Amino acid sequence: MAGYLELFWSFFKIGSFTLGGGFAMIPLMEKELVQKKQWLSKEEFLDILSLSQAMPGIFAVNMATCIGYRLRKITGATVSVLGNILMPILTIILLAMFFQYFRDNTIISHIFMGIRPCVVALIAAPVFTLAKNAGLCWQNCWIPLLSAALIWLFGVSPITIILIAGVGGFLYGRIKDRKEAEI
Amino acid sequence: MIFWKLFYTFCKIGIFNFGGGYAMIALIQNEMVEKQAWMTTQEFTDIVAVSQMTPGPIGINVATYAGYTAVVNAGYDAWWGVLGAFLASFSVILLPFLFLLILFRFLLKHKDNKDLNNIFSSLRIAILGLIAAAALLLATPDNFGSFSESPVRFGVSIAIFLIVFLLSLKKKASPILLILLSGVVGGIVYGFC
């Protein structure tokens, strides 16, 4: 049985030592929770992983919520999430306070002038790497093109796009089912 | 009051966040920069850079930093900024957390539901557009310099953009490494000319 402190500590380690975002945590989580502590079976871990990816929210936090809940109910979920995000939050706060005073430093501002175009490229690249996984093809490529144009040129909120896409996907699936049933 | 607005905005961002960290960057960019004008494009870009280089989920890092910056920009001192940082990260996880706790068993049992899968596959496609729009909205003279004002800076920016784009697309180079290298290039190029 996982103790609260043990649970907190496991997720604290996972959250504090992974660079590169939530998905980079998967191997570490598997090693710590499935292999070392044996709190979950591999199948359970994979089920929770696909659920955390599909549901709204931050992937790593969803993982911590589900695994914590599965092991020790609501308190377990709470300590796991806190463990997971504590170090990242404190690190960011320290850096935010630091940069507030050094942002106008000439060297730092030069460095950031180099970094900014890099960040824009790092946001642009996943559009293409994620496209394959999302199943993008000639029939549906109008969806991201139209969404991007509506947000970029007409100031439509991304949340509106998400709502329309969700409802659209639901209706499309239902209509396709009905047509297949008729045939 | 900014704290209430921050709470509401990040609750909204949390529950509408499908499809990982980059989709969340798109949502935060839209709410913070375009809609509320709590920070400049430049400040937001810097926040993303720092968030990618520090440990933890990128969504949490961006939310924390954006919460801090929004409050400080509204004229409060750094300690209120710290409160804003905690508030933003708390709000962004609140609704998905409650949602998962309440529906955990149900969702695990029905994860192969046809309707849910249709919704998610449609969302995955639309989210590509969200991320593309965020990149386009960040490609401004603030971040790249302008050709008429400083052709050198504009040229360097475009070169960095293209090289990083290709390296991360074709070679799957580490974002942290690319940010560090771009920083070094910026420091050297702008420091000496």
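Model, not experiment: these values are computed from the prediction.

Some remarks on the overall build of chain B
- A tally of regular secondary structure across chain B gives 9 helices and 0 strands.
- Taken from the N to the C terminus, the helices and strands of chain B come in the order α-α-α-α-α-α-α-α-α.
- Looking at chain B residue by residue over its 193 residues, the buried ones come to 53%.
- A separation threshold of at least 6 residues defines the contact pool for chain B, and within that pool the share at least 24 residues apart is 60%.

Side note on the overall build of chain A
- Of regular secondary structure, chain A possesses 7 helices and 0 strands.
- Seen in sequence order, chain A has helices and strands lined up from the N terminus as α-α-α-α-α-α-α.
- Since a compact globule built from 183 residues should have a radius of gyration of about 16 Å, the 21 Å found for chain A marks it as more spread out than a globular shape.
- With respect to the three principal axes, the spread of C-alpha positions in chain A is 55 × 55 × 25 Å.
- Counting over 183 residues, chain A shows a buried share of 42%.
- Residue pairs in contact within chain A that sit at least 24 positions apart in sequence constitute 47% of those at least 6 positions apart.

Section: the environment of Thr-40 of chain B
- The residue Thr-40 of chain B is located in the loop between α2 (21–35) and α3 (41–53) in this model.
- Residues Thr-40 of chain B and Asn-73 of chain B lie 33 residues apart in sequence; the distance between their C-alpha atoms is 9.9 Å.

Some thoughts on the packing of helix α3 (residues 42–54) of chain A against helix α4 (residues 59–102) of chain A
Residues and elements named next belong to chain A.
- Where α3 meets α4, the closest approach of the two axes is 9 Å, and the angle between their N-to-C directions is 135°. By the criterion of interaxial angle, the relationship of α3 to α4 is oblique. Along this stretch, α3 crosses α4, giving a crossing that reads as right-handed. The residues of α4 that touch α3, namely those facing Ile-48, Leu-49, Leu-51, Ser-52 and Gln-53, are Phe-59, Asn-62, Met-63, Cys-66 and Ile-67.
- Partitioning the contact of α3 with α4 into residue classes produces 7 nonpolar, 3 polar and no charged.

Here we look at the interface of chain B and chain A
- Taken together, the contact pairs 92 residues of chain B with 85 residues of chain A.
- For the side of chain B that touches chain A, the leading source of residues is helix α6 (residues 114–138) of chain B, giving 22 residues.
- Its residues assigned to classes, the side of chain B that touches chain A comprises 58 nonpolar, 26 polar and 8 charged.

Things to note about the domain arrangement of chain A
- Under the domain assignment, chain A is made up of domain 1 (4–136) and domain 2 (137–183).
- Relative placement of domain 1 of chain A and domain 2 of chain A: their C-alpha centres are 29 Å apart.

Concerning α6 of chain B
- Taking 1.5 Å as the rise per residue, α6 of chain B with 25 residues should run 36 Å; its terminal C-alpha atoms sit 37 Å apart, in good agreement.
- For α6 of chain B, the buried fraction is high: 18 of the 25 residues fall into the buried class.

Remarks on the nonpolar core
- Of all hydrophobic cores here, the largest spans 115 residues; its most connected members are Ile-123 of chain A together with Val-62, Leu-130, Ile-131 and Ala-134 of chain B.
- Element by element, the count of residues in this core is highest for α4 of chain A, at 17 residues.
- Taken together, domain 1 (4–136) and domain 2 (137–183) of chain A each give at least three residues to this core, which thus spans both.
- Among residues more than four places away in sequence, those in contact with Ala-134 of chain B are Ile-123 of chain A together with Ile-25, Ala-26 and Gln-29 of chain B.

Points about unusual backbone geometry
Residue and element names in this part refer to chain A.
- Here Gln-38, not a glycine, exhibits a phi torsion of approximately 55°, which is positive.
- On the secondary structure map, Gln-38 appears in the loop between α2 (26–36) and α3.
- Of note in the backbone geometry, Lys-73 takes a positive phi value of approximately 55° without being a glycine.
- Relative to the helices and strands, Lys-73 resides in helix α4.
- For Lys-73, a count of 11 C-beta atoms within 10 Å puts it in the exposed group.

Focus: helix α1 (residues 4–16) of chain A
All names here are of chain A.
- Its 13 residues give α1 an end-to-end C-alpha distance of 18 Å, which sits within 8% of 18 Å, the value for a rise of 1.5 Å per residue.
- Within α1, the full set of buried residues consists of Leu-7, Phe-8, Ser-10, Phe-11, Ile-14 and Gly-15. Buried residues of α1, viewed axially, fall in a sector of 165°; they line one side.

Structural notes on the environment of Ala-85 of chain B
- Tracing the sequence through the fold places Ala-85 of chain B in helix α5 (residues 78–109).
- In the structure, Ala-85 of chain B is positioned 17 residues away from Tyr-68 of chain B in sequence and 4.5 Å away in space, judged by C-alpha atoms.
- Once you skip the residues sitting within four places of it in the chain, Ala-85 of chain B turns out to touch Ile-89, Ile-92, Ile-93 and Ala-96 of chain A together with Thr-64, Gly-67 and Tyr-68 of chain B.

A short note on the environment of Gly-169 of chain A
- Looking at the element boundaries, Gly-169 of chain A is found in helix α7 (residues 158–182).
- For the pair Gly-169 of chain A and Ala-131 of chain A, spaced 38 residues apart in sequence, the C-alpha separation works out to 17 Å.

Brief notes about the confidence of the model for chain B
- Put simply, chain B has an average pLDDT of 94, and 100% of its residues get 70 or more.
- Our summary of model confidence lists the complex with pTM equal to 0.94 and ipTM equal to 0.93.

Rules behind the numbers
Residues numbered from 1 in each chain as written. Chains lettered and ligands numbered in written order. Predicted model: local features only at pLDDT ≥ 70, side-chain atom pairs only at ≥ 80, totals over all residues. Helix = DSSP H or I, 4+ residues; strand = E, 2+ residues; numbered from the N terminus. Buried ≥ 20, exposed ≤ 12 C-beta atoms within 10 Å, placed from the backbone. Contact = placed C-beta atoms within 7 Å. Rg over C-alpha atoms; globule rule 2.2 N^0.38 Å. Axes fitted to C-alpha atoms, helices over the stretch in contact; angles between N-to-C directions. Parallel < 35°, antiparallel > 145°, perpendicular 65-115°, else oblique. Left-handed = near helix turned anticlockwise from the far one by under 90°. Nonpolar A, V, L, I, M, F, W, Y, C, P; charged D, E, K, R; others polar. Domains from an automatic or database assignment. Expected span 1.5 Å × (residues − 1). Core = buried A, V, L, I, M, F, W, Y, C linked by C-beta atoms within 7 Å. Arc of directions from axis to C-beta. pLDDT = per-residue confidence, 0-100.

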